[in-house]
Every structure is written in structure tokens, then in C-alpha cells.
Amino acid sequence: KEHTQTAEDGTTSDASNIIGRFGIGFYSVFMVADKVEVTSLSATGDGPAYRWISDGTGTFTVEEAPDQADIKRGTTIRAFIKEGDKEFLEKYRIEGIIRTHSSFIPFPILVDGERVNTTPALWREPKFSIKKEQYDEFYKFLTYDQKDPLDVLHLSVDAPVQFNALLFIPDITKDYFGAYREHWGLDLYARRVLIQRENKELIPDYLAFLKGVVDTEDLPLNISREMLQDNSLVRKISDIITKRFIKHLDKLARDEKETYKEFYGQFSRYLKEGVVTSWPNKESLGKLLRFESTATDAGETTSFEEYITRMKEGQTAIYALTGPSRSHLENSPYLEAFKARGYEVAFFTDHGDEFVLDSLSSVDGKPVTMIDRADVELPELEEEQKDALPQEEATALEEWLKELYPDKFSKVTLGKRLVSGAAVALQSGNDMGPEMRAYMKAMGQEVPESHPQRELNPSSQLGKKLSALRTENPELAQMVADQIANTALLRAGMLDDPAVLAQSSQALMEPLLLT
């Protein structure tokens with residue numbers, strides 16, 4: 001929109017012809033100044049100098065400068081500060097404003113004859129010419145951190161947009177999902193001039209730990225914060241930064257394993273947040289995850305890509321299990337059938353891993369499958385067939401259990417998910433996992449009813465004894481079946497009230513001990 005002003009002689013002038021073509025940023029000076037004078041002399045030196053004078057009330061004058069002999073070339077701006085705003089004339093205030101907004105301007109800015117903008121715009125220098133010490137020094141200048149950064153990524157991009165960036169991984173994380181939720185983002189510059197501190201549009205939430213600067217030639221200096229939020233250029237820059245940084249982490253994981261291990265120990269929760277929230281990048285982020293498994297020693301980690309190289313012939317899925325610790329998972333009843341068949345199982349023991357694996361779904365075309373789910377297919381084992389109950393007896397036991405638990409389990413079967421254990425409770429496809437159920441319960445929300453499936457091992461000694469007991473002593477057989485069922489639910493994290501298990505235990509012990 002073009003603006004007009006009225007000169008003191010009454011004539012109207014088009015704002016685009018005003019000397020210097022001042023914008024709103026310039027006119028903010030009248031918040032602290034009674035009057036402003038702008039004196040300019042042509043760079044070629046032909047003609048007199050002219051002075052623009054205004055008090056910011058809507059009028060101005062342009063006159064030949066009386067003291068033009070003192071002007072050699074260029075423009076001089078003089079602001080006459082209001083009496084109540086003289087604090088802005090203090091040297092430290094002036095230097096602070098310059099360092100905040102113009103630290104990286106290439107030409108010198110002097111205050112009382114001393115240059116204030118002494119820090120170079122390191123992101124514009126060729127990468128091969130910069131030493132690690134320079135990156136470290138710049139990082140400390142930028143963040144006021146006392147420690148060196150863990151790693152740095154220096155970007156120079158020409159297409160589809162043009163920008164330079166320096167991205168730093170701090171040596172230690174802050175909780176950007178909690179106390180520091182509002183204090184993250186990259187500093188955005190346009191041609192070395194600061195546009196906005198902590199711009200949150202330049203990186204996704206799950207990269208909130210990154211510190212750094214982005215400088216582009218393609219943004220106007222007077223762009224507003226509202227325009228930045230809707231600016232397609234900023235979104236393109238964000239997409240490029242995100243993909244380049246994920247690629248950088250992948251290279252770091254391959255080439256500098258110890259550095260990546262240190263990074264992962266600090267920032268793995270952010271990568272997992274990205275798997276859950278970022279549809280375009282979830283698989284590439286998933287490849288950055290590290291975990292222990294049945295194929296690793298305690299404390300050693302592996303990746304999905306390494307897991308895939310060890311998959312057995314004919315194995316079509318990546319098998320995983322979540323729980324509070326490795327020792328807990330190693331004693332899980334779900335693990336029996338997979339170990340017996342030689343399948344590697346990935347262990348995930350962090351809070352929220354259940355959501356992460358549900359979101360990831362696949363890696364390199366291999367579905368990530370939770371082994372506590374009812375729909376997992378497993379091949380038969382010869383030992384199972386040899387030791388199993390006879391078919392007729394097994395079918396009778398299965399029908400008896402179905403009649404015994406018409407509401408407690410959505411499905412009761414005899415299966416092959418166990419080797420030595422008696423029974424296991426399996427999560428049905430539409431049911432919430434135990435971690436989600438615990439989360440909702442902790443939040444005071446109503447937990448929907450689960451519909452687990454129960455699978456009894458027809459090859460187990462306990463299963464065979466139960467089959468015989470149901471005809472010899474039906475009442476005791478039901479007590480045993482209840483104990484087996486409640487134990488299976490407890491181990492699966494699906495028993496909402498542990499008192500139920502205590503009651504079934506007591507009911508079973510009384511006839512055994514008192515007879």
C-alpha cells in the first residue's frame with residue numbers, strides 16, 4: 001500500500017518518492033524522538049546535500065542542508081531523543097541494541113569510535129576454512145553456554161530456496177517439552193540482519209533442542225511476525241533443514257558411533273516424539289532409534305537396519321516388546337515362542353515406547369510387530385505337536401474354557417505362543433495397550449474395557465493336568481483355571497484390580513491345604 005504525506009507547503013507527496021523510502025521500521029524512532037533529521041549527499045558528489053526533517057506527526061520538510069560542507073558522502077540520521085527517554089542514549093543500551101540486531105552486518109558500526117559488531121557471520125564463510133574452535137566460540141556467543149556443542153551442521157543451500165545455516169547440538173538437553181516449552185527455535189536473519197529470535201517455524205517441535213541461525217537472501221527485511229508464520233519460504237526452509245539434519249544424524253551414527261551414543265542418551269525422546277508426530281519423516285527417524293534385543297548383551301544397543309540383516313530366512317516382520325526393563329522382558333511369557341524359533345526380539349524399555357512402535361508401523365518394508373498382540377503368526381514347532389494334548393481332548397478343554405469365560409476374554413484358544421508356560425493373555429487388535437491404559441488411569445480418565453484373548457498352551461504340564469482335572473474335580477479345575485487366567489492378565493498388564501488375583505489364589509489354596 002502506498003502512503004502519502006503532506007509537506008508544509010500543502011502539497012501531497014507519494015511515499016515512494018520520499019528520500020530514503022522510509023518504512024514503518026524507521027518511523028518507530030518517533031516513539032522516543034521529538035524530531036528526526038536525515039541528511040543525504042549523492043555518492044557521485046554532484047549537487048548539494050539535502051535534509052529531511054519531521055516530528056512524526058504527518059508532515060515533513062525537505063531543504064538544502066546548511067552544513068553540507070561537513071558531509072563527504074552518504075547519509076546521516078540524527079534523532080533528538082525525548083527528555084523522558086534519555087536512557088536510550090546510554091552507551092551500553094546502544095551497544096546492546098546493535099549486538100542484538102546488527103552483530104553480523106559486514107560494515108563496521110562504531111560507538112564512540114569503537115567497533116561494536118566484531119563477531120563474523122560464520123555461516124557465510126566456506127566450511128572448509130572454519131576450524132572447530134571457531135564453531136565452538138560462535139556457539140558460546142550465540143547461546144551463552146559455557147560448554148562446547150556436541151556437534152554442528154553447517155548448511156549452504158542454493159535451491160529450491162537460498163539460505164545458509166549453522167545448527168548446533170548442545171552438550172546437554174533442557175526439557176523443551178516442559179519448563180523450556182516457549183524457549184526454543186532458530187534465530188532468523190535476512191542478509192545478516194536479525195528478523196526474529198527463536199523462530200519456531202524453522203524446525204519442528206521434535207528438533208527443539210537445536211540451537212543456531214538461519215540466514216536467507218529471499219526474505220524482505222520488513223517482514224512482520226504474522227507474515228512469517230504463513231510464509232511458504234520459511235516452510236520450505238524448515239523442510240530442508242529437517243531432512244538435512246536427519247541425514248546428518250544418520251551419518252553421525254555410522255561414522256562417529258560414540259558421539260551418536262552420547263547424543264542418543266540425551267535426545268532420544270525427541271527422536272521418538274518425531275516418530276509419533278511426523279508422518280513424512282517417521283521411518284527415517286525410526287532408523288535412528290537404538291535398542292537392546294535378544295541378540296545383544298545387556299547394555300549394548302542395535303538398530304532396525306542391523307536387526308533386518310540378522311532376520312531368519314522366511315521371517316517377514318520385525319518383532320518387538322515393550323516393558324519397564326530388560327530383565328522384566330527376558331522373563332516375559334511372550335518371549336518363549338520367539339526364542340524357541342530363533343527369532344530376535346527388540347526390547348524397548350522407555351516410557352512411551354508403546355506409542356512409538358504403534359506409530360512407526362514399518363522399517364524398510366518390514367512391519368514392526370508387537371509380540372504381545374493376538375494377530376502374530378508363528379510357524380509350528382515339531383516338539384509342540386509331539387507333546388500336545390490329543391486333538392479330541394484339546395478341543396474339549398477349549399470348549400470348556402470358552403463356557404467358563406464368556407465375558408472375561410473375547411476369545412479362548414489353544415495355541416503355540418508358549419513353550420513351557422500354561423497360558424498367556426494377548427492384546428486384541430482394537431484394544432489399548434497396557435501403557436496407554438495406565439496413562440489414562442493416571443490422568444483420571446475412564447479406561448475403556450479391554451477384550452483380551454486368552455491362549456492356553458496344550459503342551460504344558462499344567463494344561464494337561466487341567467484337562468484331566470476338569471472331569472475329575474470340576475470345582476477345583478475352575479479355581480485352577482481362574483488362577484491361570486488372572487496370572488496371565490497380570491503379566492500382560494491387563495489386570496486392573498490385583499486384588500482379583502489375591503482372591504483367586506486364596507480360593508485355590510484353601511481346598512488344597514485344608515483337605
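Residues numbered from 1 in each chain as written. Predicted model: local features only at pLDDT ≥ 70, side-chain atom pairs only at ≥ 80, totals over all residues. Heavy atoms only, no water.

**Focus on the pairing of strand β20 (residues 423-426)**
Each regular strand carries side chains that alternate between the two faces of the sheet. In β20, alternate side chains face the same way, and those of Ala423 and Ala425 on one face and Val424 and Leu426 on the other are all buried. Note: β20 against strand β21 (residues 453-456), four bridges, orientation antiparallel. Considered in β21, the bridge of Ala423 is made with Leu456. (Buried < 20%, exposed > 50% of the residue type's maximum accessible area, 1.4 Å probe, protein only. Helix = DSSP H or I, 4+ residues; strand = E, 2+ residues; numbered from the N terminus. Pairing = 2+ DSSP bridges.)

**Brief notes about unusual backbone geometry**
Cis rather than trans, the peptide bond between Ala159 and Pro160 has omega equal to 5°. As for its position among the elements, Pro160 is in the loop between β9 (151-157) and β10 (163-169). Unusually for a residue other than glycine, Asp112 sits at a positive phi of about 55°. Within the secondary structure, Asp112 is located in the loop between β7 (110-111) and β8 (114-115).

**Comments concerning the confidence of the model for the chain**
Per-residue confidence for the chain gives a mean pLDDT of 84, with 87% of residues at or over 70. Per-residue pLDDT stays below 50 along residues 1-13; that stretch engages in 26 contacts with residues further than four places along the chain or on separate chains. (pLDDT = per-residue confidence, 0-100. Contact = heavy atoms within 4.5 Å.)

**Notes on the environment of Gln427**
Position of Gln427 relative to the elements: it lies in the loop between β20 and α14 (434-442). In this structure, the C-alpha to C-alpha distance between Gln427 and Met494, residues 67 residues apart in sequence, is 8.7 Å.

**A word on the sheet that holds strand β14 (residues 292-293)**
Read across the open sheet, the five strands follow the order β14-β16-β15-β18-β17; overall the sheet is mixed. Two strands close off the open sheet at either side, each with one partner strand: β14 and β17 (362-363). Note: strand β15 (residues 318-322) against strand β16 (residues 345-348), four bridges, orientation parallel. From the neighbouring strand, Thr322 faces β16, where its bridge partner is Phe348. The strands touched by helix α11 (residues 353-360) are β15, β16, β17 and β18 (366-370); relative to β18, the strand with the most contacts, the crossing angle is about 150°. (Axes fitted to C-alpha atoms, helices over the stretch in contact; angles between N-to-C directions.)

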